[in-house]
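# Secondary and tertiary structure notes
Each chain, letter by letter, is given below.
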Amino acid sequence: MQRTNKWALLPFVVFIVLFIGTGVISGDFTAMPLNVAVLIACVIAFLMNRKETLATKVEIFTKGAGNANVMLMVVIFVLAGAFSSVAKGMGAVDSTVNLGLSFLPPSLLIVGLFIIGCFISLSMGTSMGTVVALAPIGVGIAESTDIPMALAMATVVGGAMFGDNLSIISDTTIAAVRTQGTEMRDKFKVNFFIVLPAAIVTAVILFVLTSGSTTSVDNVGNYAFTKVLPYLIVLILALAGLNVMLVLVIGIILSGIVGFLNGSYDFLSFIKTIGEGMIGMEDIAIIAILISGLVALIQHNGGLQYLLDTITKRVKSKKGAEVGIASLVSVIDIATVNNTIAILMAGPLAKTIADKYEVDPRKSASLLDIFASVWQGLLPYSPQLLAAAGVAGISTVGMWQAYSFYPILMGITAIVAIMIGYPKLKK
């Protein structure tokens, strides 16, 4: 039996208090750099459990930090940053924004942005890649209309979270399916029917909120379809099921070719732009690595087992089991701000609970993925919100305080699905 120790969770508490507390006191949630807060939490974790040698702690930390899923996420971060930077540098973002402004009335721009985000995240399987690719377009729409910047960025994040828990090439979906012992297509169907109402209601709300938006049509710039083409090809390739890393590499190359042809790049400027895009995602990549190492130390010290035992000890029915699974992955995701890690940690125990109380594995896998995505789209210190806010130059607080419609509605529809036993599943 694994050890359990509530005090092992202290680094998590310190991390959250440092980040959120500093933001509340100063009124600026960027006052405490997230990487510094994580680093301080890591130091505290190293100082705990004096029974272990420093060498053992370092080994545990580095193995956790070097987890295959974490390294894959880091690679996706930097490739997405490079693609976004290169595409923007050759004019893809401006052309896409101008294309939208030219053909769509202002009342449909934000709804369109949300739907596009849903399709891209569903195709690419990465919410971070979707945020990085679409956030500059959202900024352009907000600057060209009277739509609030926070609303535009929250819409981008909402669209990104739609596909994050549905895409068949998403690491979170793969983790949920594998830990629950079900098939990808079966989980997709259950997950889709649960979140579809949330997506529809979100689109309606966005339409109502922006139906009176205005823009200076005379100021809309020109667009070139060739500059938009890399975005479309990336989407098509992702829909065809190509590996997300290969999709992003192809996107970088295509954007570079267009840039060479229209004179935006020579070889050196192209390489420099790739480097700048990668560096732009460096901070988020380092945070992901540090948090993963921190989680490994806390798990070794018994903190996660205590968390799991506390959440599941009152489970007595099928609905209670589903609530327990949702609560379990929610708490871990809130603490780790990494939905893949949260699913991998909660998955084995969720499987045990599901088997004991006869929860269909398609449902348990869907709940794991949905509730991990809910918090990734809401937490002001999640990588998705931080990336969107960083591109727009705003605080994450304004996004989730008033405009994070889809993550909230996704959580509500999932809770309703638990309460009414939806969808009805045949064995």
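Residues numbered from 1 in each chain as written. Predicted model: local features only at pLDDT ≥ 70, side-chain atom pairs only at ≥ 80, totals over all residues. Heavy atoms only, no water.

## Some points on the overall build of the protein chain
This is how it is decided: Secondary structure elements follow DSSP: runs of H or I of four or more residues count as helices, runs of E of two or more count as strands, with numbering from the N terminus. The atom set for the radius of gyration is the C-alpha atoms, and the globule formula is 2.2 Å times the number of residues raised to the power 0.38. Burial classification: accessible surface area is computed with a 1.4 Å probe over protein chains only, and a residue below 20% of its type maximum counts as buried, one above 50% as exposed, and the rest as partly exposed. Any two residues whose heavy atoms approach within 4.5 Å are treated as being in contact. All accessibility values rest on the Shrake-Rupley procedure with a 1.4 Å probe; residue burial counts only the protein chains present in the view. Under the counting rule used here, the positive set is Lys and Arg, the negative set is Asp and Glu, and His together with the chain ends is not counted. Every charge is mapped onto a representative atom, which is NZ of Lys, CZ of Arg, CG of Asp or CD of Glu.
A count of helices and strands for the protein chain gives 21 helices and 0 strands. The C-alpha radius of gyration of the protein chain comes to 22 Å, within 12% of the 22 Å expected for a compact globule of 427 residues. Oriented by its inertia axes, the alpha-carbon framework of the protein chain measures out at about 65 × 50 × 45 Å. Burial analysis of the protein chain (427 residues in total) assigns 55% to the buried set. Once local pairs closer than 6 in sequence are excluded, the contacts in the protein chain between residues at least 24 apart make up 80%. About 18,200 Å² of surface is accessible on the protein chain, with carbon and sulfur atoms providing 67% of the total. Taken together, the 25 basic and 22 acidic charged side chains of the protein chain have centroids lying 14 Å from each other.

## Side note on the confidence of the model for the protein chain
For clarity, the threshold we go by: Per residue, pLDDT measures the predictor's confidence, with a range of 0 to 100.
Taken residue by residue, the protein chain gives an average pLDDT of 83. The fraction at 70 or more is 91%. Mean pLDDT across the elements of the protein chain ranges from a minimum in helix 20 (residues 397-402), with 63, to a maximum in helix 21 (residues 405-420), with 94.

## Let's talk about unusual backbone geometry
Note on backbone geometry: most residues besides glycine have negative phi, and most peptide bonds are trans. Cis peptide bonds are those with omega within 30 degrees of zero, and the linkage from Tyr422 to Pro423 qualifies with -10°. Relative to the helices and strands, Pro423 resides in the segment after helix 21. You will see that Asn49, though not glycine, has its phi angle at about 55°, which is positive. Looking at where Asn49 falls in the secondary structure, it is placed in the loop between helix 2 (34-47) and helix 3 (54-65). For Glu358, which is not a glycine, the phi torsion comes out positive at approximately 60°. Mapped onto the secondary structure, Glu358 falls in the loop between helix 17 (339-356) and helix 18 (361-376). Exposure remark for Glu358: the relative accessible area of 62% places this residue in the exposed category.

## Here's the deal with the packing of aromatic side chains
Put simply, the rule reads: For this analysis, a ring pair means two rings from Phe, Tyr or Trp (six-membered ring only for Trp) whose centres lie within 6.5 Å, classed as stacked if their planes differ by under 30 degrees, edge-to-face if by over 60, and tilted for the remaining angles.
Across all of its chains, the model carries 7 aromatic pairs by this definition. Relative to Tyr406, the ring of Phe162 has its centre 6.0 Å away and its plane inclined at 55°; by these criteria the two rings are tilted. Placement of the pair is Phe162 in helix 8 (residues 149-164) and Tyr406 in helix 21, with a sequence separation of 244 residues. The same class applies to Phe162 as to Tyr406, namely buried. On the basis of an interplanar angle of 10° and a centroid distance of 5.9 Å, the ring pair of Phe188 and Phe192 is categorised as stacked. Here Phe192 and Phe188 lie together in helix 10 (residues 184-210), a separation of 4 residues that amounts to about one turn. An aromatic cluster of three or more residues is present, and its members are Phe114, Phe162 and Tyr406.

## Side note on the environment of Ala354
Structurally, the position occupied by Ala354 is in helix 17. In sequence terms Ala354 and Ala365 are 11 residues apart; their C-alpha atoms lie 9.7 Å from each other. Among residues more than four places away in sequence, those in contact with Ala354 are Gln180, Ile325, Val359 and Ser364.

## Structural notes on helix 2
What counts, and what does not: The span you would expect from a helix comes to 1.5 Å times its residue count less one. As used here, the arc belongs to the directions running from the helix axis to the C-beta atoms.
Between its first and last C-alpha atoms helix 2 spans 20 Å; for 14 residues at 1.5 Å apiece the expected length is 20 Å, and the two agree. Within helix 2 the residues assigned to the buried category are Leu34, Ala37, Val38, Ala41, Cys42, Ile44 and Ala45. Angularly, the buried residues of helix 2 cover 160° about the axis, an arc narrow enough to put them on a single face. Taken from the residues just after helix 2, Asn49 is the one with a positive phi, measuring 55°.

## Comments concerning the environment of Ile311
Of note, Ile311 is situated in helix 15 (residues 303-312). For Ile311, a relative accessible area of 19% gives the class buried. Along the primary structure Ile311 and Val156 are separated by 155 residues, whereas in three dimensions their C-alpha atoms are 32 Å apart. Sequence-distant contacts of Ile311, that is, excluding residues within four places in its chain, are made with Gly324, Ser327, Leu328 and Val331.

## Let's talk about the pattern of salt bridges
Test applied: By salt bridge we mean one thing: a side-chain nitrogen of Lys or Arg within 4 Å of a carboxyl oxygen of Asp or Glu.
Enumeration over the complete set of coordinates arrives at 5 salt bridges. The salt bridge partner of Lys187 is Asp369, with a shortest N-O separation of 2.8 Å. Placement of Lys187 in helix 10 and of Asp369 in helix 18 is noted, with a sequence separation of 182 residues between them. Of the residues examined, Lys187 reaches a relative accessible area of 0% and is grouped as buried. Two residues, Arg362 and Asp360, come together in a salt bridge whose shortest N-O distance is 2.8 Å.

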